[in-house]
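# Overview (structure and organization)
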Amino acid sequence: MNAIETQSLTYQYPNTGKGTPAAIEGINLAAQPGQLLCIIGHTGSGKSTLVQHLNALLKPTGGAVFVDGKNIWQNKASIRQARFWVGLCFQYPEYQMFEETVEKDIAFGPKNMGLPGDEIRARVLRAAEYVGLPESCLPKSPFDLSGGEKRRAAIAGVMAMEPRALVLDEPTAGLDPAGKEQIQQLILRYRRETGRTVLLISHNMEEVARLADQILVMHQGRAALCGTAAEVFGRAAQLREMGLSVPVVTDIFERLRAAGLPVSAEIFTEEQAAAELARLKREGVRLP
Amino acid sequence: MNPIIEFQNVSYSYATEDGAESAVQGLCFAVSPGEFVAMVGRNGSGKSTAAKLCNGLLIPQEGRVLAAGMDTANENLLFEIRRRVGMVFQNPDNQIIAATVEDDVAFGPENLCVPQEELRRRVDESLRAVGMYELREAEPHKLSGGQKQRVAIAGVLALHNDVIILDESTAMLDPRGRTEVMQSVRALNRERGLTVLLITHFMEEAAQADRVLVMHEGRLLAQGAPRDVFAQEETLRTAGLSLPAPAGLARLLREDFPQLPRGILTEEECAAAILEAFR
């Protein structure tokens, strides 16, 4: 059974004129338990509209959303459950922190779930640990944290609900390189240790190549491509037509192939690149 | 030629509950007219403080800053300094105030009491310079992030400024928006001689500048042409920065291919160096 599934999901924003295309149309998405699914596509392609359906923030105008096999719009209870089962972390989530202390802010979600106090405390500590925030941060005001820490505290707030699927909308946007790296590491670790499903919207193709088990490409409200990194980044020309790019490493390897160096077409990360060139060297490959 | 921005031993600290937190310390650098300078450094390294010191949004507590030859500590000159040294900030949604694109661009010069005809001319010219003239009557909230940032840049140009400071102005944009803004800024620099100080976390953007300044803990850790700065891999590591992606790949590959040079900036250069290693 898929952790998250959409069937022919369509959404037309209300009060848009006749002939206005739907924001998303006919999306069939399937994320298996424990999978890390990346959603790419440029601004306005429908990525955010799509993920807002996954925890019932938007009601489809067509099609359906299933979480752990259950149609989330079945009844009131299933709608409420979707909000807890799918943890949605918006872009720049630190702007939404409002509590006096980091601890209270992280506890906000679990508290809303009606959990007992000691369970809330345990979850806050666990979530803080996942995002690498020391316990000494918890009594601080969110405003006293650095930009990267604030971002991680806000993500911890969603993790503390211990959702079956975690959805992150551009979690590394606007951070410095070290901050980006930290967030990528914590996502990988969270997924490894909890075995839960993660959906990630990103504009950074290096990040996508490094993290994704599966990639969904949105274009003009539709799912244009879906597959592994090899299946998606192997279609560089099509991606470029959609105004998207491939990882820099992939671009460099395209040039190498064009110049006659027999390298694999399936190179998406620096590590793969190093291994591939080392292989060529061992095999004594030479250009004329 | 006299520098258009000059930092002379500048220090600035912010007041905190437990005293003061130093943001920049003994900072010295100069930007020449027409130069395109990028400033990089991790969060908290003092970049934004330095930016705000450039046009008197902050006044040095030690040392002094000269903007177009004017001391930013002289209150009487602040108006003229801010006209000549314009700033574009990070969030595209926080810096547009008017109901149409052209009204927004007119806001600055209107406040300077620029006569109507001249105002029209400046607005049109500024919007053309950033490729937003066709959308002059559009409502700003319907624009993309990259378009909004270009409108903000036009708003600065309409003041007939000499310097533009972009404080992470591309950070919140998608790749297409970033490219649009960078293309506009580069064209303004090349074609009109506009001086640019670009503060950025994207090393690929910094690689396009004439000169890169590396900030670390409130001080200038390194500076030079992008090729030379990005060749200093240890220095960048100290500063908590990454390399432009092609340089990063070259660094990793150097274990097996020690002949790959440092200071590679583009995909093209990286591919050429790898091919050379196989000849």
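Residues numbered from 1 in each chain as written. Chains lettered and ligands numbered in written order. Predicted model: local features only at pLDDT ≥ 70, side-chain atom pairs only at ≥ 80, totals over all residues. Heavy atoms only, no water.

Of regular secondary structure, chain B possesses 11 helices and 10 strands. Here the C-alpha radius of gyration of chain B, 20 Å, is about what a compact globule of 279 residues would show, namely 19 Å. Dimensions of chain B, computed from C-alpha atoms along their principal axes, come out at roughly 65 × 45 × 40 Å. Within chain B, the proportion of its 279 residues that are buried is 56%. The long-range share in chain B, meaning contacts at least 24 apart out of those at least 6 apart in sequence, stands at 64%. (Helix = DSSP H or I, 4+ residues; strand = E, 2+ residues; numbered from the N terminus. Rg over C-alpha atoms; globule rule 2.2 N^0.38 Å. Buried < 20%, exposed > 50% of the residue type's maximum accessible area, 1.4 Å probe, protein only. Contact = heavy atoms within 4.5 Å.)

Listed per partner, the contact involves 33 residues of chain B and 32 residues of chain A. Carbon and sulfur atoms supply 65% of the area that chain B and chain A bury against each other, a total of about 2,900 Å² over both sides. Inspection of the region where chain B meets chain A yields 0 salt bridges. Joining chain B to chain A, the criterion identifies 8 residue pairs in polar contact (both at pLDDT 80 or more). Listed by contribution, the elements that provide at least two residues to the side of chain B that touches chain A are helix 6 (175–192), helix 10 (245–253) and helix 11 (267–277) of chain B. Tallied by class, residues from the side of chain B that touches chain A come to 18 nonpolar, 7 polar and 8 charged. (Buried area = accessible area lost by both parts, 1.4 Å probe. Salt bridge = Lys/Arg side-chain N within 4 Å of Asp/Glu carboxyl O. Polar contact = N/O pair within 3.5 Å; in protein donor to acceptor, adjacent residues only side chain to side chain. Nonpolar A, V, L, I, M, F, W, Y, C, P; charged D, E, K, R; others polar.)

Moving on to the pairing of strand 10 (residues 219–224) of chain B. All names here are of chain B. Of the pairings in the sheet, the one linking strand 9 (residues 211–216) to strand 10 comprises 5 bridges and is antiparallel in character. Across the sheet, residue methionine 215 finds its bridge partner in strand 10, namely leucine 220. In this structure, the hairpin formed by strand 9 and strand 10 is closed by a connection of 2 residues, where glutamate 217 is found at a positive phi of approximately 50°. (Pairing = 2+ DSSP bridges.)

Moving on to the environment of Val24(B). Residues and elements named next belong to chain B. On the secondary structure map, valine 24 appears in strand 2 (residues 19–31). Residues valine 24 and proline 244, 220 residues apart in the sequence, show an inter-C-alpha distance of 26 Å. The residues touching valine 24, leaving out its near neighbours within four places in the chain, are Val10, Ser11, Tyr12, Gly46, Thr49, Ala50, Leu53, Met215 and Gly218.

Next up on the list: the side chain of Thr10(A). Inspection of the secondary structure puts Thr10(A) in strand 1 (residues 4–11). Not counting residues up to four positions away in its chain, the partners in contact with Thr10(A) are Ala22(A), Ile24(A), Glu25(A), Gly26(A), Pro60(A), Thr61(A) and Gly62(A).

This paragraph deals with the sheet that holds strand 6 (residues 85–88) of chain B. All names here are of chain B. Strands sit in the order 6-7-8-3-9-10 across an open sheet of 6 strands; the sheet is mixed. The sheet terminates laterally at strand 6 and strand 10, the two strands that pair on one side only. Each neighbouring strand pair of the sheet contributes to a mean axis angle of 20°, computed without reference to strand direction. Relative to strand 9, strand 3 (residues 36–40) runs parallel, the two sharing 4 bridges. (Axes fitted to C-alpha atoms, helices over the stretch in contact; angles between N-to-C directions.)

Tracing the backbone shows Asp176(A) in the loop between strand 7 (165–169) and helix 6 (177–194). Arg42(B) is the oppositely charged side chain nearest to the buried, salt-bridge-free Asp176(A), at an N-O distance of 4.1 Å. Within the structure, the side chain of Asp176(A) is placed 2.8 Å from the backbone nitrogen of Gly179(A), a separation counted as a polar contact. A distance of 2.6 Å separates the side chain of Asp176(A) from the backbone nitrogen of Asn43(B), its partner in a polar contact. Asp176(A) has contacts with Arg42(B), Asn43(B) and His201(B), leaving out every residue within four places of it along the chain. (Lys, Arg positive; Asp, Glu negative; His and termini not counted.)

Any functional reading would require information beyond the geometric quantities listed.
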